[in-house]
Amino acid sequence: MANVKLIDVSKVYKGNVRAVTDFNLNIKDGEFIIFVGPSGCGKSTTLRMIAGLEDITSGKIYIGDTLINNVEPRDRDIAMVFQNYALYPHMSVFDNLGYSLKCHHEKKEVIKEKVNNVAKLLNIKELLERKPRELSGGQRQRVALGRCLIRNPKAFLFDEPLSNLDAKLRVQMRSEISKLHKQVQGTFIYVTHDQTEAMTMGDRIVVMRDGYAQQIDTPVNLYEHPVNTFVATFLGSPQMNIFKVKLVEDKLYLDERTYLVVSEKIKNKMIPGYDGEELILGIRPSDFDIATSEDYDFKVSQIDLVEKLGNETLLYLDLPGREENTIVSLKMDMGDDLKGPLYLKVNKDKIHLFNDKEESILKINEFNYIPVSLQLCGEDLIVEKEHKISHFKDKCVSEINEINQGLIRIPSTSFTLSRKNDDDFEVETIIKAKDVRSDANVYFAERKEDKSRITFITSKDEHLKIGQNIKLYAPMSSLGVSDDEGNILMVNDDIIKPIIDVETKRIGKEYYILHQDKAFVKAHKFLLIEKIYDLNSKMLLCVINQKKEKMSLRIERDDDFFNGMLLYTKTVKNKTK
Ligand code: ADP
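Residues numbered from 1 in each chain as written. Predicted model: local features only at pLDDT ≥ 70, side-chain atom pairs only at ≥ 80, totals over all residues. Heavy atoms only, no water.

Draft legend 1. Inspection of the site of the ligand at higher detail. The environment of the ligand is formed by Tyr13, Val17, Ala19, Pro38, Ser39, Gly40, Cys41, Gly42, Lys43, Ser44 and Thr45. Gly40 places a main-chain nitrogen or oxygen 2.7 Å from an oxygen atom of the ligand. One nitrogen or oxygen atom from the side chain of Ser44 is found 2.7 Å from an oxygen atom belonging to the ligand. When the ligand is considered free in solution it has 560 Å² of accessible area, and contact with the protein chains removes 60% of it. Where the shell around the ligand is concerned, the elements lending two or more residues are strand S2 (17-27) and helix H1 (43-51). Residues that form the shell around the ligand fall into these classes: five nonpolar, five polar and one charged. (Near = heavy atom within 4 Å. Polar contact = N/O pair within 3.5 Å; in protein donor to acceptor, adjacent residues only side chain to side chain. Areas by Shrake-Rupley, 256 points an atom, 1.4 Å probe, with all protein chains shown as cover. Helix = DSSP H or I, 4+ residues; strand = E, 2+ residues; numbered from the N terminus. Nonpolar A, V, L, I, M, F, W, Y, C, P; charged D, E, K, R; others polar.)

Draft legend 2. Quick peek at the side chain of Ser10. Within the fold, Ser10 resides in strand S1 (residues 4-13). A polar contact of 3.0 Å, which involves the side chain of Ser10, links it to the backbone nitrogen of Asp22. Apart from residues no more than four positions distant in its own chain, Ser10 is found in contact with Arg18, Val20, Thr21, Asp22, Met49, Ile56, Thr57 and Ser58. (Contact = heavy atoms within 4.5 Å.)

Draft legend 3. Fine view of the sheet that holds strand S20 (residues 342-346). Taken in spatial order, the three strands line up as S15-S20-S16 in an open sheet, and their pairing is antiparallel. Of all the strands in the sheet, just strand S15 (288-290) and strand S16 (298-300) have a single pairing partner and so form its edges. Neighbour to neighbour, the strand axes of the sheet diverge by 35° on average, direction disregarded. With three bridges connecting them, S15 and S20 associate as antiparallel partners. Looking across to S20, one finds that Phe288 is bridged to Val346. (Pairing = 2+ DSSP bridges. Axes fitted to C-alpha atoms, helices over the stretch in contact; angles between N-to-C directions.)

Draft legend 4. Spotlight on the pairing of strand S37 (residues 550-556). When you tally the buried positions in S37, you get five out of seven residues, the bulk of the element. The sheet contact formed by strand S32 (residues 499-501) and S37 spans three bridges and is parallel. By the bridge assignment, Asp501 is partnered in S37 with Arg554. Taken together, the seven bridges between strand S36 (residues 538-545) and S37 define a ladder with antiparallel strand orientation. (Buried < 20%, exposed > 50% of the residue type's maximum accessible area, 1.4 Å probe, protein only.)

Draft legend 5. Broad picture of the sheet that holds strand S19 (residues 326-330). Spatially, the three strands line up as an open sheet ordered S17-S18-S19, and their pairing is antiparallel. Looking at which strands have only one partner, the edges of the open sheet turn out to be strand S17 (303-308) and S19. Put simply, the sheet's adjacent strands are angled 20° from each other on average, direction ignored.

Draft legend 6. Geometry of the nonpolar core. Membership of the largest hydrophobic core comes to 43 residues, with the highest contact counts inside it found for Ile34, Leu97, Leu145, Ile177, Tyr190 and Val207. When residues of this core are assigned to their parent elements, the largest contribution, five residues, is made by helix H4 (residues 137-149). In this structure, Leu145 is in contact with Val81, Leu122, Phe158, Met173, Ile177 and Leu180, ignoring residues within four places of it in sequence. The next biggest cluster of nonpolar side chains, apart from the first, holds 29 residues, and it includes Ile410, Ile454, Ile470 and Leu479. (Core = buried A, V, L, I, M, F, W, Y, C linked by side-chain atoms within 4.5 Å.)

Draft legend 7. The arrangement of the environment of Arg18 in detail. Considering the arrangement of structural elements, one finds Arg18 in strand S2. The contacts of Arg18, once residues within four sequence positions are left out, are Ser10, Lys11 and Val12.

Draft legend 8. Representation of the packing of H4 against helix H5 (residues 167-184) within the structure. Relative to each other, H4 and H5 sit at 20°, their axes nearing to 11 Å. Accordingly, the angle class assigned to the pair H4 and H5 is roughly parallel. For the element pair H4 and H5, the recorded crossing hand is right-handed. Contact with H4, carried on its side by Gly137, Gly138, Gln141, Arg142, Leu145 and Leu149, involves Leu169, Gln172, Met173, Glu176, Ile177, Leu180 and Val184 of H5 and no other residues of that element. (Parallel < 35°, antiparallel > 145°, perpendicular 65-115°, else oblique. Left-handed = near helix turned anticlockwise from the far one by under 90°.)

Draft legend 9. How the structure looks around the packing of aromatic side chains. Taken as a whole and judged by the stated rule, the model has 16 aromatic pairs. For the ring pair Phe415 and Phe456, a centre distance of 6.4 Å and an interplane angle of 75° mean the geometry is edge-to-face. Pair noted here: Phe415 is in the loop between strand S25 (405-411) and strand S26 (425-436) and Phe456 is in strand S28 (residues 453-458), with a separation of 41 residues, a long-range link. An identical accessibility class is assigned to Phe415 and Phe456; each is buried. Site record: aromatic cluster; members linked through ring pairs are Phe32, Phe156, Phe158, Phe188 and Tyr190. Above the face of the Tyr259 ring, Lys251 is positioned so that its terminal group lies 5.3 Å from the ring centre. (Phe/Tyr/Trp six-rings, centres within 6.5 Å; stacked < 30°, edge-to-face > 60°. Lys NZ or Arg CZ within 6 Å of the ring centre and 35° of its normal.)

Draft legend 10. Broad picture of H5. When the terminal C-alpha atoms of H5 are compared, their 26 Å separation across 18 residues agrees well with the 26 Å that a helix rising 1.5 Å per residue should span. Listed as buried for H5 are Leu169, Met173, Arg174, Ile177, Ser178, Leu180 and His181. Looking at the buried side of H5, the elements it contacts are strand S3 (32-36), helix H3 (108-121), H4, strand S8 (188-192) and helix H6 (195-201). Gln185 occupies a position one or two residues after H5 and carries a positive phi of about 50°. (Expected span 1.5 Å × (residues − 1).)

Draft legend 11. Representation of unusual backbone geometry in the model. Here Ser237 and Pro238 are connected by a cis peptide whose omega angle stands at -5°. Of note, the phi angle at His105 is positive, near 55°, even though the residue is not glycine. By the element assignment, His105 lies in the loop between helix H2 (93-103) and H3. Take His105: its relative accessible area is 73%, and that puts it in the exposed class.

Draft legend 12. Representation of the environment of Tyr259 within the structure. With respect to the element layout, Tyr259 can be found in strand S13 (residues 259-261). On the accessibility criterion, Tyr259 (34% relative accessible area) is partly exposed. Along the sequence, Tyr259 and Glu359 sit 100 residues apart, while their C-alpha atoms lie 22 Å from each other.

Purely spatial values, then, with no claim about function.
Take a look at the structure:
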């Protein structure tokens, strides 16, 4: 088995149909990953590029350490299970299972042993003599799975394998495939448009829309912390209720009279700056509960429909802030005596808030910005009079001769709770809110000095309390520097050699770096792009040469560049800048 890595993968079909754009994913060895999304969002295309059934327009795909962009499908050592089982109708189940081994001239006894093992694993031992037409749909699907298992491939790809089965069988096969994954511990990549299938089977899910991966996370994290309204409403059944609201101080107004008070937890998770703005409020049906006339959020005089599902009751009713019915799910049998007004309460720590771009505003900052004093000292920069950033000028994205103040940029993932190096940058905070996620703890804190918002991520074992004072430390190598407006002045890490301004030119399918210096061209026959920074009108490329030396190049903006791309060098007579 192997890991599978997709780097900036895009697919454009003839007629300029963009099916997949800039897809990045690192699938771990043995992981069960699901691609889910509505029809036409690019799931199958992505899977087919991994399988080698479609060319990759740009980007790279690795299986294990091997770049497979130009490897023939049959040499990629992966197995694909389709919805139409593609069994050979004239062969017995035994022969169908053993066919690929036979083609590889495997000995008869070996074939027999392997077929028997796989048949035992899939519970189809008694079917080995039958022909495919003598099997049920579920049995055929099992044989198709067995045929893949027998080859012990590097990864299994599934393209909607259960969509031809009836509902009952689908549920059964779903759990069988999950069990099988645990037994063989293989890398499984599974495409479905069915959100229940996705939520119940995958270790991680990639939610796709219009060719873009919207969010990649565990089922629980996606359900509880969707990054936008698309993910929020796509996962979960019945769907999340979406309301138009206006935030005024700590109240969310659904209409002029009806409002929900924002809880302390949500207030502390919210990105600041949305007071007075129109927002989108999301409430899952299960986050409503019955309340009393003394303490309630909504008073409802009429219920349009009651659906009793046994373990839960769904109510369809009208609330302000949305035109359609709101669905409320109650974990109880409501009985038939729903007379008089109904009082409802909302679990206010569990609401979701999105801005007018439909992006969640309850999210962790990718970077935290802290105002600091700055001082140039030769080639170095001194932060807050005591922390040195060596070779600052070399790492700057433009020439800087004077600077007194600015912002340092600290990634939320860079903080530690204890000092690791003497010169670590220290931030004093108070913990304000906490999210327990399936793989990490997320903390929303306030910086003591200026009450600005600091977010950070810790492992699941670190338990900090709300209200606790915490000192956070960030290694100097993780810091970036911006001016007061947040424009990047210096990028962090990686950049150890001076930035060189270069021109690039596309010749045929390849990109060349043009340079007048023959020595440069000779020393760097080709350069591999490791990382790209966006500098508004320009781009900064962190590259390594064939001797594994790092350097950074600044070029005019060109969106066709991607991580992992190879650039070649070429001497030009004209002086380039
Ligand atoms: P999904 O599997 O999510 O339903 P697909 O990957 O099949 O989506 O398709 C993504 C997009 O690419 C769709 O707009 C589809 O019409 C288009 N597409 C798929 N295959 C081809 C093809 N062979 N030629 C042109 N367009 C295609």
